[in-house]
Amino acid sequence: MALPQATASLLGVILGATVALAQGAPTVVSPPNPPAGPQGTEMPDPSLSPECRVPGSKLYTLNKLKAVKTALKEKRPVRVLAIGPTSAGTGASATYPVKLETALERSLPEVDIEVDSRGLQGEIASGAAERLRGMVAEIEPDLVVWQVGTHDALARVEVEAFGSALDDAVKWIKSHDIDVVLVNPVYTASMADDAYYTSIVQKVQEVAGREGVPLVQRYEAMRYLSGSSDKGEGHMFGRQFRLNDLGLRCMAEHVTRAITLSLLQPDTAVTGTPQPVLKTLPGSPPAAQAGSAAQ
């Protein structure tokens, strides 16, 4: 099936730049901008599947991925370690690593992607951080994709303790010349008014901004999709956001999009300076906004 012209053009820019990377040429291409909607409103990213389309500002913040670029330039497989709830390997979640690997290989043609998933059901950030040393030594990844915060929020882990554990782990990963992409917690309507839950979402954003790593704003993306669906959140994802096939496929596409566009970040950018991160979550309860403003 032929791609729409806008989508084909967008993919052409990305794929062309990626091939140049693989051949060792420097990249100076900025992330392409989606067409503006009525009255200048931001349109959803047309390179995503129709049911997964989200505007870029609600989907990611970008930063450089030096280790992945190095693997591309050396023309060797890119090793990805996926950790977090959707990487636990049971039930529907078992399909996520496969979907992520497939999506990455479609976006990075002629590049061998190896995704290894090592999540544990119910694991909080501090537990994953303790296991990281062994996983990194075994797998030697170029990139860690970490979906983090959901179980910490459900376990009511103290917010600052969560942030400290995540910050320390990200620093440790980066110190070993490994890239990191963070993915923040899932969105559910039942948790949207929970100031504690949204403070965990905000803390992931803060760590990503402070450490200069790409962030997939899963919370904002899922909220956008649940609100834009004709039949609402219950139809798209289940009342409590069951990780069904659609949800997992969208997540794989969203992570892949953030990785692909981060690879297009110019090498001349100032190290550790991320794209702007939301200071507050639109629609967050006043208590959550006040807490983030004070930090």
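Every value quoted in this text rests on a predicted model; they were computed, and no experiment measured them.

This next bit is on the overall build of the chain. Looking only at helices and strands, one finds 11 helices and six strands in the chain. Split into buried and exposed, the 295 residues of the chain put 54% on the buried side. In the chain, of all internal contacts separated by at least 6 residues, the share reaching a separation of at least 24 is 78%. When the accessible surface of the chain is totalled, it reaches about 12800 Å², and 55% of it is carbon and sulfur.

Further remarks concern the nonpolar core. If you look at the biggest cluster of nonpolar residues, it comprises 77 residues, and the most contacted ones within it are L132, V145, W146, L166, L182, V255 and I259. Among the elements that make up this core, the one with the highest residue count is helix α10 (residues 245–263) (10 residues). Setting aside residues up to four positions removed in sequence, I259 forms contacts with L65, L104, L143, V145 and V181.

Taken as a whole, the chain shows an average pLDDT of 77; of its residues, 68% reach a score of 70 or greater. This stretch, residues 17–31, has a pLDDT under 50; its non-local contacts, to residues over four places away or in other chains, come to 28 contacts. Here residues 269–295 is modelled with pLDDT under 50, and outside its nearest four sequence neighbours on either side it reaches 53 contacts, counting other chains as well.

Relative orientation of the contacting elements helix α8 (residues 218–228) and α10 amounts to 130 degrees, with a least axis distance of 11 Å. Of the possible angle classes, the one that applies to α8 and α10 is oblique. Every pair of crossing elements has a handedness; the one defined by α8 and α10 is right-handed. Residues R218, A221, M222 and L225 of α8 pack against C250, M251 and H254 of α10.

Further remarks concern the pattern of salt bridges. Across all of its chains, the model carries 14 salt bridges by this definition. For D142, the salt bridge goes to R76, with nearest N and O atoms at 3.1 Å. Linking D142 in the loop between α4 (125–139) and β4 (143–147) with R76 in the loop between α2 (66–73) and β2 (78–83), this pair joins segments that are 66 residues apart in sequence. The exposure class assigned to D142 is buried, which follows from its relative accessible area of 4%. With a relative accessible area of 25%, R76 lands in the partly exposed category. With a shortest N-O distance of 2.7 Å, R131 and E123 are connected by a salt bridge. Counted as one network, the salt bridges with shared partners bring together E51, R249 and E253.

The strand order across the open sheet built from six strands is β1-β6-β5-β4-β2-β3, with neighbouring strands paired in mixed fashion. The open sheet has two edge strands, β1 (60–61) and β3 (113–117), and neither has a second partner. In this sheet, strand β5 (residues 179–183) lies alongside β4 in parallel orientation, the contact comprising five bridges. Along β5, the bridge assignment pairs V144 with V180. Sheet strands touched by helix α3 (residues 96–107): β2, β3 and β4. Its angle to β3, the strand with the most contacts, is close to 160 degrees.

On to α3, then. The end-to-end C-alpha separation of α3 is 16 Å, in line with the 16 Å expected for 12 residues at 1.5 Å each. Listed in full, the buried residues belonging to α3 are Y96, P97, L100, A103 and L104. Buried residues of α3, seen end-on, are gathered within an arc of 130 degrees and therefore sit on one face of the element. Opposite its buried face, α3 presents the exposed residues V98 and R106, each directed more than 90 degrees away. Turning to α3, the residues buried within the fold contact β2, β3, β4 and α10.

This next bit is on empty space enclosed by the protein. On inspection of all chains with the given rule, the structure shows two cavities of 30 Å³ or more. For the largest cavity, the calculated volume is near 90 Å³. Lining the largest cavity are 14 residues, with G84, P85, E123, W146 and Q147 positioned closest to its centre. It is helix α5 (residues 150–154) that contributes the most residues to the lining of the largest cavity, three residues altogether. Residues that form the lining of the largest cavity fall into these classes: seven nonpolar, five polar and two charged.

Attention now goes to the layout of surface pockets. In this structure, the second largest pocket encloses a volume near 380 Å³. The wall of the second largest pocket is formed by 22 residues, among which K66, A67, K174, I178 and D179 lie closest to the centre. Only α2 and β5 provide two or more residues apiece to the lining of the second largest pocket. By residue number, the principal contributor to the lining of the second largest pocket is α2, which donates three residues. Its residues assigned to classes, the lining of the second largest pocket shows seven nonpolar, five polar and 10 charged.

Definitions and limits used
Here the residue index of a chain counts from 1 through its sequence in written order. With pLDDT at 70 or above as the cut-off, local features in this predicted model cover only qualifying residues; side-chain atom pairs require 80 or more to be listed or tallied, and sums for whole chains, interfaces and linings still use all residues. Hydrogens and water are ignored here; the side-chain numbers use all heavy atoms of the structure. Elements are defined by DSSP. Helices are runs of H or I of four residues or more, strands are runs of E of two residues or more, and each kind is numbered from the N terminus. Categorising residues by exposure relies on relative accessible area from a 1.4 Å probe, with only protein chains included: less than 20% of the type maximum marks a residue as buried, more than 50% marks it as exposed, and the intermediate range marks it as partly exposed. What makes two residues a contact is simply this: any of their non-hydrogen atoms within 4.5 Å. Residue burial considers only the protein chains on display, and all accessible areas are found by Shrake-Rupley using a 1.4 Å probe. In plain words, nonpolar cores are sets of buried Ala, Val, Leu, Ile, Met, Phe, Trp, Tyr and Cys residues tied together by side-chain atoms within 4.5 Å. How sure the predictor is of each residue is captured by pLDDT, a score from 0 to 100. Helix axes are fitted only over the stretch in contact, all axes being lines through C-alpha atoms; the angle between N-to-C directions runs from 0 to 180 degrees. Put simply, angles under 35 degrees are roughly parallel, angles over 145 are roughly antiparallel, angles from 65 to 115 are roughly perpendicular, and the rest are oblique. Note on convention: near helix rotated counterclockwise from far helix by under a right angle means a left-handed crossing. Clockwise means right-handed. Think of a salt bridge as a Lys or Arg side-chain nitrogen and an Asp or Glu carboxyl oxygen that are within 4 Å of each other. Strands were regarded as paired on the criterion that DSSP finds at least two bridges between them. Expected span, for any helix, means 1.5 Å times one less than how many residues it has. What the arc covers is the set of directions going from the helix axis to the C-beta atoms. Each cavity reported here is a set of points on a 1 Å grid over the protein atoms alone in which a 1.4 Å probe fits but cannot get out, each pocket an open set with protein on both sides within 12 Å along at least five of seven lines, and each lining residue one with an atom within 4 Å of a point. Grid points are joined across faces, edges and corners, and a volume is the space filled by probe spheres set on the points. Residues are grouped as follows: Ala, Val, Leu, Ile, Met, Phe, Trp, Tyr, Cys and Pro are nonpolar; Asp, Glu, Lys and Arg are charged; all remaining types, including Gly, are polar.

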